[in-house]
Amino acid sequence: MFPCKICLQAEVWLLLWLLLLLPPQSTNGSFLQRHFTQSPSPPNQPDQSDQPGKLGIPTPISPDIDNTMYVLDDARGLGRVFDGIGGMSGGGAASRLLVNYPEPHRSEILDYLFKPNFGASLHILKVEIGGDGQTTDGTEPSHMHYKGDENYFRGYEWWLMKEAKKRNPNIRLFGLPWSFPGWLGPGKSDPYDNMTMTALYVVSWILGAKKHHELDIDYIGIWNEKKVDTEYIKILREKLNEKDLKRVKIIANDHHWYPISKYLELDPMLQNTIDVIGVHYPGTHAVNDALKTNKTLWSTEDCSIFSDEKGGGFWARILNQNYVNGQITSTIAWNLVGSYYPQSPYEKDGLLTAKEPWSGHYVVEAPIWITAHTTQFAQPGWQYLKTVGHLFNGGSCVVLTDGLGNLTIIIETMTHQYSQCRKSRVPFFQVSEQTITFSLQGTFKELTMLQVWYSKLGKKPWNNAFQQLPPLTIIDGTVTLKLGVDELYTLTTITTGQKGSHPIPPESRPFPSNFEDNFNVGNSLFRASPHFADQTGVFEYFTNDQGTGDHTFTLRQMLNQRPITWAEDADQTISIIGDYNWRNLNISCDIYIEKPVTGGIFIAARVNKAGSSIRSAQGLFFWVFADGSYQVTNDLERKMVIRSGSSDTHWGSWYTLILNISIKKYNQLLQSLSQEFHSSSSEEYASIEFISQAEFYTVHNYKHILTETQALYYPIHKNPDILNQPRLTNHQL
């Protein structure tokens, strides 16, 4: 009987192994595909069993098939070097409202983003090199509007980089152009008309960062999501070296894996020029041609859907699986902070939301704490273990070490439902509850305890995220953990982790119903008026050098030609301000048209678009021109003219422009017009917009904005000249 008993036990173990190796069944009895952790190498490819993504076949440690053992061992060598997790301020103007926050709230927000062992504790800050063009949610000013013009205090990216460095001196800085000022290629659609000039323009930004702000730029990009020009990349490297900037690494090309991966294979000189292949939204996978270059691989823009729990889960998943599947060693979030007006594209797509400087209100979103699971327990320069990869019942695990005995294990079990991204399709996958055991070997065999940090994703509130649990005791070199779905764990030897906190922010409040700005600030630190968000063109504080009385300090549109654009900039320069919930509005402002004949300015209400869609915005637009005429149109492009006539306005004089809007009267006006005009905008956003637009990008001035509202949204825009040519002019207001 005894031999029979032994036989039965062997059969039970054989059955368990068969069940373990079989893929799960669907409800109709067919087998579903499951990620397996050690698949055969593809044809004509070297064996990759020791590469990241290959955790090894799980070992059953008991008759319970839900309990699986994974061996963590550095004796086989280590994987790639971890380069860090980052956030992006740019692409564009996504941080615009942050600089207007009053203290202490502005510093609190910056702490959550950059302060080590506090919040997201970011390792990398990527910023836009302003080029005067619309780049998603607004424009960012260039340090050189025109040839010979240099100003390294425009915009807020300098300030943001300094604030990040103040909190974390080791944070790495990465600059990337989205658009370029028009003088680098007048009438051109790309900046490569004079490659040397464009390279020197980019190099001047790096030198200016050091000279004026004591900032060392670590990485420089080429042109966001645009075509690759390998000759330009080589010239850029040459000019960097000439200026003693050999330490600055080049990342190319902030778009797709191809064609840059193939160019590197075919061009040895390019191979020696580019340091990092940077791609956007890679879906956690790298192509073989990129892997064969042996270059460092980064996801230089990723996630882009933080506004709900689904986006939070996606962020948790890709921070692990970008390396597990693609050997991608750095992931950068677009965007750093959602700090732009709600009517702009991609609202709340930030690690943190801060869009109310007038109230001081901000929201620390789940991605802050998801990021902390990695950033607080592993630093750039650590290395991945080769034994990382997918868990048998779904999810993934990455393991990092500093080579000095410290160990960090990050585990995620995000389900398909909570792993969606706006930019890339996530194929269906399954995750289920499971119990896992890690067997610590090699350097880690003598460890006795691991700290535990835990988050449950999938539903709010986020205040339960990133909780410190009691430490796990390591017994005989093993540690066991029961995993649910949509969970995130960090097991680590690092004891400095902290869930930082500041006092509860002020309550949310709408934009002030009464707002006034005289622009009487002289030399402002940021050069831009608070709460104004430029959408096309650049508006800066300006001091008139002539005796103009009350109009000495003004707001001026500064561009004199169309930039080399990234998005569909409008033909009119425009800046917005206000609250899209407004319904009735009185606006008063002083205006000055600088360009004869074709100059003009408009005010608009109920404008239905902003950001990269601003070109096709509709609403109610009231225009006055230097030739003494006026128009009322239903759109920014002035294709739908409602009324026109004589205004007796001309260039070279100051006027006070007053607009009183009642939603009742506005609807009556539209009802008296064609149904086409009535249906296009009567129920859309309301906004006031002073725009600079014209035959050319030219200069205009504006003075003394005053708004009084009863709940109606009106962004403010400024408009110099108004013709249907793609050029703008400058005005004052």
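This report concerns the structure included in the present document. Since the structure is predicted, the reported quantities are computational estimates derived from the model, not experimental observations. (Residues numbered from 1 in each chain as written. Predicted model: local features only at pLDDT ≥ 70, side-chain atom pairs only at ≥ 80, totals over all residues. Heavy atoms only, no water.)

Quick word on the nonpolar core
In this structure, Phe114, Leu125, Ile220, Leu236, Ile409, Ile411 and Phe438 are the most contacted members of the largest nonpolar core, which totals 148 residues. Per-element accounting of this core gives the leading share, 8 residues, to helix 4 (residues 195-213). For Leu125, the residues in contact, after removing those within four places along its chain, are Gly87, Ser89, Phe114, Leu160, Met161, Ala164, Ile171, Arg172, Leu173, Phe174 and Leu336. By size, the runner-up hydrophobic cluster in this structure holds 41 residues, among which are Phe539, Ala605, Ala626 and Leu657. (Core = buried A, V, L, I, M, F, W, Y, C linked by side-chain atoms within 4.5 Å. Buried < 20%, exposed > 50% of the residue type's maximum accessible area, 1.4 Å probe, protein only. Helix = DSSP H or I, 4+ residues; strand = E, 2+ residues; numbered from the N terminus. Contact = heavy atoms within 4.5 Å.)

Things to note about the packing of aromatic side chains
Inspection of every chain in the model, using the stated rule, returns 32 aromatic pairs. An angle of 85° between the planes, with centres 5.6 Å apart, marks the rings of Trp334 and Tyr346 as edge-to-face. Here Tyr346 lies in the loop between strand 12 (337-338) and strand 13 (352-356) and Trp334 lies in strand 11 (residues 330-334), a separation of 12 residues in the sequence. The interplanar angle of 50° and the centroid separation of 4.9 Å between the aromatic rings of Tyr454 and Tyr489 together place this pair among those described as tilted. Within this pair, whereas Tyr454 is found in strand 20 (residues 449-456), its partner Tyr489 is found in strand 23 (residues 487-492), the two being separated by 35 residues in sequence. Tyr489 matches Tyr454 in its accessibility class, with the two residues each being buried. Each residue in the set Tyr112, Phe118, Tyr362, Trp369, Phe377, Trp453 and Phe466 is aromatic and connected to the rest through ring pairs, giving one cluster. Seen from the ring of Trp369, Lys499 lies directly overhead, with NZ or CZ sitting 5.1 Å from the centre. The side chain of Arg556 reaches across the aromatic face of Phe542, ending 4.0 Å from its centre. (Phe/Tyr/Trp six-rings, centres within 6.5 Å; stacked < 30°, edge-to-face > 60°. Lys NZ or Arg CZ within 6 Å of the ring centre and 35° of its normal.)

Digging into the sheet that holds strand 4 (residues 84-89)
The strands making up a sheet associate through backbone hydrogen bonding, with each pair oriented either parallel or antiparallel. The 8 strands lie next to each other as 4-5-6-7-8-9-10-11, forming a closed barrel whose pairing is parallel. Where strand 4 meets strand 11, 4 bridges bridge the pair, whose relative direction is parallel. Residue pairing in the sheet places Ile85 in a bridge with Thr331 of strand 11. Here helix 3 (residues 157-167) sits on the sheet and contacts strand 4, strand 5 (124-129) and strand 6 (172-177); the angle it forms with strand 5, its principal contact strand, is near 170°. On the sheet, helix 5 (residues 230-242) packs against strand 7 (219-220) and strand 8 (249-255) and is oriented at approximately 155° with respect to strand 8. (Pairing = 2+ DSSP bridges. Axes fitted to C-alpha atoms, helices over the stretch in contact; angles between N-to-C directions.)

With respect to the sheet that holds strand 33 (residues 641-646)
Pairing in this open sheet of 4 strands is antiparallel, and the strands run 30-31-32-33 from one edge to the other. Across the chains shown, the open sheet's two edge strands, defined by having one partner strand only, are strand 30 (600-605) and strand 33. Ignoring which end each strand starts from, the neighbouring axes of this sheet average 15° apart. Relative to strand 31 (residues 618-625), strand 30 is paired through 6 bridges, and the arrangement is antiparallel. Looking at the pairing, Ala605 lines up with Leu620 of strand 31.

Quick notes on the pairing of strand 14 (residues 361-364)
As defined by bridge partners, strand 13 adjoins strand 14 across 3 bridges and the pair is classed as antiparallel. In the strand pairing of strand 14, Glu356 is matched with His361. In textbook terms, the turn of a hairpin is the stretch between consecutive antiparallel strands, and for strand 13 and strand 14 this stretch comprises 4 residues, one of which, Gly360, has a positive phi near 85°.

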